[in-house]
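Residue strings, one per chain:
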Amino acid sequence: MTAPAPGTAPGPRRVAVLADSDTRWKWGVLTARRLAPDAAIDGLLLRGRATPTPRQLAEVGVRVDTLREVTTPEFLRAATAPGAYDVLVLACVGGAVQAMIHGLRRAVTDASGAGPARRPVVVTGYVGVVYEKLTDGLLLRHGADVVLANSAYDADRFRAVYAGVGAAPDSVVTCALPFLEGAGADGDGADDDGADDAGTGGAGADDAGAVAGEVETADAEVAGAEAADGEGAGAEAGEGGRFTVVFAVQPSVPAARADRAYLLRRAVSHALRHPEREVLIKLRSRPGEHTTHIEELPYQKLVRKLTGSGGADGGLPPNCRLVYGNMGRILDRVGRTGGLLVTVSSTAALESLHRSVPTAVLTDLGVREALGNHYFTGSGCLASWDQLDDGLLPEADETWALRQGVRGGTGFDAARRRVADLAARSLSAGLPPLAPYYTARTAPGYLPGILRRYGLRPDGSLSASAAGDAVVPAGPGTTGRGLVRRVVREAARGAYRHGVQRVAPLIRKAGEL
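These numbers come from a predicted model, not from an experiment.

Asker: How should the pairing of strand β2 (residues 40-46) be read in this particular structure?
Answerer: For a regular strand, the rule is simple: side chains alternate between the two faces of the sheet. When you tally the buried positions in β2, you get six out of seven residues, the bulk of the element. As paired strands, strand β1 (residues 14-19) and β2 are joined by six bridges and run parallel to one another. What sits directly across from L18, in β2, is L44. Following the backbone out of β1, through helix α1 (residues 22-35) and into the adjacent parallel β2, one traces a crossover that is right-handed. Inspection of the sheet shows β2 paired to strand β3 (residues 66-70) by five bridges, in the parallel sense. Directly across from D42, in β3, lies its bridge partner T66. In this region the chain leaves β2, passes through helix α2 (residues 54-60) and returns to the parallel neighbour β3; the handedness of that crossover is right-handed.

Asker: Looking at this structure, how should I read unusual backbone geometry?
Answerer: A negative phi angle is the norm for most residues apart from glycine, just as the trans form is the norm for most peptide bonds. Here the residue pair V253 and P254 is connected by a cis peptide bond, since its omega of -10° sits within 30 degrees of zero. Note that P254 resides in the loop between β8 (244-248) and α8 (257-273). Of note in this structure, K133 is not a glycine but carries a positive phi near 50°. Inspection of the secondary structure assignment puts K133 in the loop between β5 (121-124) and α5 (134-141). Among the residues examined, K133 registers a relative accessible area of 62% and is labelled exposed. In this structure, S356 is a non-glycine residue whose phi angle is positive, near 60°.

Asker: Looking at this structure, how should I read the packing of helix α3 (residues 72-79) against helix α4 (residues 94-112)?
Answerer: When two helices pack together, their arrangement is given by the angle between the helix axes and the distance between those axes. Where α3 meets α4, the closest approach of the two axes is 10 Å, and the angle between their N-to-C directions is 50°. The pairing of α3 with α4 is recorded here as oblique in orientation. Our pair here, α3 against α4, has a crossing hand that is right-handed. Along its contact with α3, which presents T72, F75, L76 and A79, the element α4 presents M100, G103 and L104. Residue composition of the contact of α3 with α4, by class: five nonpolar, two polar and no charged.

Asker: Looking at this model, I keep getting lost on the sheet that holds β3. Mind explaining?
Answerer: Strand pairing within a sheet occurs via backbone hydrogen bonds; the two strands may be parallel or antiparallel. Sheet architecture is open: seven strands sit in the order β3-β2-β1-β4-β5-β6-β7, paired in parallel fashion. In this open sheet, the two strands that pair with only one neighbour each are β3 and β7 (172-174). If you compare each strand with its neighbour and ignore which way they point, the axes differ by 25° on average. In this fold α4 packs onto β1, β2, β4 (87-91) and β5, with an angle of close to 150° to the strand it touches most, β4.

Asker: I'm lost on helix α6 (residues 152-164) in this one. Help?
Answerer: In an α-helix, one turn spans 3.6 residues, which is why side chains three or four residues apart end up on the same side. With 13 residues, α6 should cover 18 Å at 1.5 Å per step; its first-to-last C-alpha distance of 18 Å lies within 8% of that length. Buried within α6 we find D154, A155, R157, F158, V161 and Y162. Along the axis of α6, the buried residues cluster in a sector spanning 165°; they form a single face. At the C-terminal side of α6, G166 shows a positive phi close to 85°.

Asker: Looking at this structure, how should I read the nonpolar core?
Answerer: Nonpolar side chains in soluble globular proteins generally cluster together in the buried interior. If you look at the biggest cluster of nonpolar residues, it comprises 91 residues, and the most contacted ones within it are W25, V123, L148, F247, I281 and V342. Here this core takes six residues from α1, the largest share from any one element.

Asker: When you look at α1 in this model, what are you seeing that I'm missing?
Answerer: The terminal C-alpha atoms of α1 lie 20 Å apart, and with 14 residues this matches the ideal 20 Å at 1.5 Å per residue to within 8%. When you tally the buried positions in α1, you get 13 out of 14 residues, the bulk of the element.

Asker: Help me understand the sheet that holds strand β11 (residues 340-343), please; the structure alone is not making it clear to me.
Answerer: The strand order across the open sheet built from six strands is β10-β9-β8-β11-β12-β13, with neighbouring strands paired in parallel fashion. Only two strands of the sheet have a single partner each, and these edge strands are β10 (320-323) and β13 (382-383). Looking at chain direction, β11 and strand β12 (residues 359-362) are connected through three bridges and run parallel. Each bridged residue has a counterpart across the sheet, and for L341 the counterpart in β12 is T359. Against the sheet, α8 contacts β8, β9 (278-282), β10 and β12, and its axis sits at roughly 160° relative to β9. Its contacts with the sheet place helix α10 (residues 327-336) against β8, β9, β10 and β11, and it is angled at close to 150° to β8.

Asker: Is there a simple way to think about the packing of α4 against α5 in this case?
Answerer: Direction vectors running N to C along α4 and α5 enclose 25°, while the axes themselves pass 7 Å from each other. The angle between α4 and α5 falls in the class roughly parallel. For the pair α4 and α5, the sense of crossing is left-handed. Residues G94, G95, V97, Q98 and I101 of α4 form the contact with α5, whose participating residues are L139, L140 and R141. Here the residues of the contact of α4 with α5 are counted per class, giving four nonpolar, three polar and one charged.

Asker: So what exactly am I meant to see when it comes to the pattern of salt bridges here?
Answerer: Note on pairing: side chains with opposite charge can pair once their charged atoms come close. Enumeration according to the criterion identifies 18 salt bridges in this entry. Linking D20 and R24 is a salt bridge whose minimum nitrogen-to-oxygen distance equals 3.0 Å. R321 is the salt-bridge partner of E278, the closest N and O atoms lying 3.0 Å from each other. Residue E278 is found in strand β9, and its partner R321 is found in strand β10; the two are separated by 43 residues along the sequence. On the basis of relative accessibility, which here comes to 4%, the residue E278 falls in the buried class.

Conventions adopted
Residues numbered from 1 in each chain as written. Predicted model: local features only at pLDDT ≥ 70, side-chain atom pairs only at ≥ 80, totals over all residues. Heavy atoms only, no water. Buried < 20%, exposed > 50% of the residue type's maximum accessible area, 1.4 Å probe, protein only. Helix = DSSP H or I, 4+ residues; strand = E, 2+ residues; numbered from the N terminus. Pairing = 2+ DSSP bridges. Right-handed = clockwise from strand over helix to strand, strands pointing away. Axes fitted to C-alpha atoms, helices over the stretch in contact; angles between N-to-C directions. Parallel < 35°, antiparallel > 145°, perpendicular 65-115°, else oblique. Left-handed = near helix turned anticlockwise from the far one by under 90°. Contact = heavy atoms within 4.5 Å. Nonpolar A, V, L, I, M, F, W, Y, C, P; charged D, E, K, R; others polar. Expected span 1.5 Å × (residues − 1). Arc of directions from axis to C-beta. Core = buried A, V, L, I, M, F, W, Y, C linked by side-chain atoms within 4.5 Å. Salt bridge = Lys/Arg side-chain N within 4 Å of Asp/Glu carboxyl O.

Pasting the structure below:
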């Protein structure tokens, strides 16, 4: 156990992480580890469109003590049970965060009255680069005890938004992205999702075994390439093996088929122009899986349209491959080979910059808010495929990197102290009720719709249907209308996923003909 620093409160003992997608799951668990290094962590996956599959959980590779899927009523019941948790990390989309804040406020008030109460400290934040819907997303997160900002730059923006609408800005605390490793981290690197960290806690044994095999295969492709690169890699490769270029793709950026096909062709063209290099196209998910953002046009499908030998990999040259796997491990390989990361605006760019790996943020499709690459203005990383083809290796501007929290800084020190102090105060005198900016008075035409989506009434109480589901056990022999509703919802969710992944792209394709 780690002893608390002199003059600080002892750390929280039990933490729950609620997440609704694979990337938010990674952020939530690693954030919990940073905030409470000695705590037991329960993982709760909010059932919905983007609930991670066992394969995605294994690829993320973070450990928790228990893991299960929950609905809104199940989460609220678990989170507000007496003495259950010291801290709740809400790693969800803004609407879900706002709904859970209102649900928690109502549940705690019903149990303990309107005054200070012994309740969990509520923490939330952002997975990575915040480049769109800043005000909307921040106000949906307001009301949490702690809103984490991944850099001093973000913290200033967050506080300005809250102060500008008359909301209390003191919940904003500067930290860093929890998955940044190596030089510049705040000493917690052992908790990151490294090469040995493949467990998912409460995952079933059969699923965990099958999934682990898949991820090992994906990572083995990268490891195998390293083993084969010992000789003949050329002077450019250095001591670490064949020079590696990783193109980190994104599910929804860019969105248009023509733009995604263009980027794929340029990656392939780069491999053809530089046969001495290994070009890895790092995929986010397998077809049919969902991530934080919907991927309607997976690169796995686009690659089949390339001219070439046909088959699953279309016309990819021998030194260009599609890969899955843990981004941290892949970036480690890039660093060892003196390689390059290429992306439009993926958070992988921040991981890469933190490791001092040359990083190119593409300008081929413009520098635009819709692409998110405008965030990197001033970084020194903006470049086009033409420039990369000619040998450019961008160097990050150190001032920009420091300001964005990519390098330097004190990491989670301030956030860890704030959370420990709040948790201690909750145990002694109690914490005041959660006080979100959005209420039935400030946003009567907006808030009820958000809460309804998560089974809550405008006052934060469970709706009749959600309350019915909450009391129906999900076991053999279960009967009643609650079970019927659950079955219907599961069928509807499956139909929705099928429509997004299969039907919608076909309709768009037909419209283009």
